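# Survey of secondary and tertiary structure
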Amino acid sequence: MQRWRGLEDVPGDWGRSVVTIGSYDGVHRGHQLIMRRAVDRGRELGLPVVVVTFDPHPSEVVRPGSHPPLLAAHHRRAELVAELGVDALLILPFTREFSRLSPSEFVKTVLVDGLHAKAVVEGPNFRFGHKAAGDVEFLSALGLKYDYELEVVDLFVRGEAGGGEPFSSSLTRRLVAGGDVEGAAEVLGRPHRVEGVVVRGAQRGRELGYPTANVETLPHTAIPADGVYAGWLHAAGEAMPAAISIGTNPTFDGTARTVEAYAIDRVDLDLYGLHVAVDFLAYLRGMEKFDTIDALLERMADDVKRAREVVDAAAAAEG
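Rules behind the numbers
- Residues numbered from 1 in each chain as written.
- Predicted model: local features only at pLDDT ≥ 70, side-chain atom pairs only at ≥ 80, totals over all residues.
- Heavy atoms only, no water.
- Pairing = 2+ DSSP bridges.
- Helix = DSSP H or I, 4+ residues; strand = E, 2+ residues; numbered from the N terminus.
- Axes fitted to C-alpha atoms, helices over the stretch in contact; angles between N-to-C directions.
- Contact = heavy atoms within 4.5 Å.
- 1 Å grid on protein atoms, 1.4 Å probe; cavity = no way out; pocket = protein on both sides within 12 Å on 5 of 7 lines; lining within 4 Å.
- Points joined across faces, edges and corners; volume = space filled by probe spheres on them.
- Nonpolar A, V, L, I, M, F, W, Y, C, P; charged D, E, K, R; others polar.
- Polar contact = N/O pair within 3.5 Å; in protein donor to acceptor, adjacent residues only side chain to side chain.

As named in an unreviewed UniProt entry, the chain is Riboflavin biosynthesis protein, taken from Actinacidiphila acididurans.

Strand order in the open sheet made by the six strands is β1-β4-β3-β2-β5-β6, with parallel pairing throughout. Two strands close off the open sheet at either side, each with one partner strand: β1 (2-5) and β6 (149-152). Across this sheet, the average inter-strand angle for adjacent strands is 25 degrees, counted without regard to direction. In this sheet, strand β4 (residues 88-93) lies alongside β1 in parallel orientation, the contact comprising four bridges. From the neighbouring strand, Gln2 faces β4, where its bridge partner is Ala88. Those strands touched by helix α3 (residues 74-83) are β1, β3 (49-55) and β4, and its axis lies near 165 degrees from that of β3. Most of the contacts of helix α5 (residues 103-114) go to strand β2 (residues 17-21), to which it runs at about 130 degrees, and overall it touches β2, β3, β4 and β5 (117-122).

This paragraph deals with empty space enclosed by the protein. Scanning the model with the defined rule gives one cavity of 30 Å³ or more in all. Within this model, the largest cavity holds a volume of roughly 130 Å³. Contributing to the lining of the largest cavity are 14 residues, with Pro211, Thr212, Ala213, Leu269 and Leu271 lying nearest its centre. Here the lining of the largest cavity is built from residues that sort into eleven nonpolar, one polar and two charged.

For the rest of this paragraph, the subject is the environment of Glu122. Here Glu122 is to be found in strand β5. For the pair Glu122 and His67, spaced 55 residues apart in sequence, the C-alpha separation works out to 23 Å. At a separation of 2.6 Å, a polar atom in the side chain of Glu122 contacts the main-chain amide nitrogen of Ile21.

Structure (structure tokens):
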């Protein structure tokens, strides 16, 4: 899959294409419906498919300080988009100037002059242009002028997550923030992932026999609620069952909130300085303050046992 940053990166000889545009944070199951339909339409027309997204999130430019917690880093989003069969990903730098484009200017600049769209695939709530004044009806009308067709895909998938609320990025963020990582996984179609570089912490886990990878997360990351979780630690090309702790280490009167992952039974790892990923499978318990180190160790042993059971069950279910 080709990756472009800005319209100037689009090849000069780029021909007609099928395009879908959106923030697409998380690439959840609703987003996947739109992208799969775009890919199908591209194959029907014999044209490449382009997904267009933005950096930073538009809300940060329009309302500074309102950047939502991100469900997937841009490189992870690119991986997920590529897995769906998309041919190119265009990340548009979202600037104050870009935000002032009228809906008509947006279409002319991005869809017509930039990507030579023959077909556009969007969800029913797609908005674009200055003050989000453009909608799918306006986008369809401009298609008559610029020789592209619009297809609107119903992205409102429902499940048990959120009490049956339609799947969305905002729902996923609420589930993650509340520690419901299983609900978030239902919306995403995969476990929620947190990424970052392993840095040196207080090294108490190592002293207690449970060395953890202290993950310095990427800016604006959607981090689950404080507590202990079962999941996977991805590092150096290996996926390892893990018990994950999020919080301030109240037993040691900590104040900094950390994400720490213990790769079960792996005490030989040296991950400092490596970029790692943590996938969350299940919430095990809330964060607690223990009166003694022995009480903490007893609970940690139980956490590891339960985390191992959860990961083993998930691996067995996947075949």
